[in-house]
Amino acid sequence: RCMQLLDYHRFPHPASVTEDAFLVWRTELVQTGQILAAEAALLVPSLILPFLRTQLAERMAAADRRGRLRREQPFVMGIPANRLKDSFPAEETVLIQGIIDAFFIEDGEIVLVDYKSDHVREAETLIGRYKKQLELYAEALEKITGLRVKEKLIYSIILERTIPV
């Protein structure tokens, strides 16, 4: 939820956000009813500030300034059933629905971003778990927008890093 609400207008250069500025913003989120106090207590700077220091956060802020950042994008897409499992009939359609955490348009192409908080030790674990999901999200975005997805990225909150998929 924090990543969804992250205010890039308030924080146009994410790497410069201080812990104090973050805490003030977090308090305002509670005061305006955007998050509950219990949620704010879990939203500690040590989880979010590392993301704000990344090149990805800077790219997202730049895209937001251009009006090219989208967050929490729902989609529904039909795919042949056998894409999910070989033994399923190819002539049957399965509806896939989801909510894409974030994507932005950069140089006429899409960068897809998915945030993960899984407690893992290696990036490869996340890639193994979520590669298919990101491929489906990319396919949906390409159909919706007509633009090519040039990058599929996971940001791991636990590993504090951006992982290309």
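Residues numbered from 1 in each chain as written. Predicted model: local features only at pLDDT ≥ 70, side-chain atom pairs only at ≥ 80, totals over all residues. Heavy atoms only, no water.

Asks: Tell me what's going on with the pattern of salt bridges, and back it up with residues and numbers.
Replies: The tally for this structure, following the rule as stated, stands at 11 salt bridges. For Lys 150, the salt bridge identified is with Glu 106, shortest N-O distance 3.0 Å. In this pair, Lys 150 is assigned in strand S4 (residues 149-156) and Glu 106 in strand S2 (residues 93-106), connecting sequence segments 44 residues apart. Taking the relative accessible area as the measure of exposure, Lys 150 reaches 25% and is therefore partly exposed. Salt bridges here are not isolated pairs; linked through shared partners, they connect Arg 59, Glu 106, Asp 107, Lys 150 and Glu 151. (Salt bridge = Lys/Arg side-chain N within 4 Å of Asp/Glu carboxyl O. Helix = DSSP H or I, 4+ residues; strand = E, 2+ residues; numbered from the N terminus. Buried < 20%, exposed > 50% of the residue type's maximum accessible area, 1.4 Å probe, protein only.)

Asks: Before we move on, could you go through helix H4 (residues 45-52) and cite the residues and values that matter?
Replies: Burial in H4 covers these residues: Pro 45, Ile 48, Leu 49, Phe 51 and Leu 52. Down the axis, H4 shows its buried residues gathered within 155 degrees of arc, on one side only. In this structure, the buried side of H4 is in contact with helix H1 (2-5), helix H2 (19-31), helix H5 (55-65), strand S3 (109-116) and S4. (Arc of directions from axis to C-beta. Contact = heavy atoms within 4.5 Å.)

Asks: Which residues make up the layout of surface pockets, and what values do they have?
Replies: The space that makes up the largest pocket amounts to roughly 420 Å³. What lines the largest pocket is a set of 17 residues, among which Arg 1, Cys 2, Met 3, Leu 43 and Ile 157 lie closest to the centre. Secondary structure elements with two or more residues in the lining of the largest pocket: H1, helix H3 (37-42) and H4. In the lining of the largest pocket, the residues fall into 11 nonpolar, 2 polar and 4 charged. (1 Å grid on protein atoms, 1.4 Å probe; cavity = no way out; pocket = protein on both sides within 12 Å on 5 of 7 lines; lining within 4 Å. Points joined across faces, edges and corners; volume = space filled by probe spheres on them. Nonpolar A, V, L, I, M, F, W, Y, C, P; charged D, E, K, R; others polar.)

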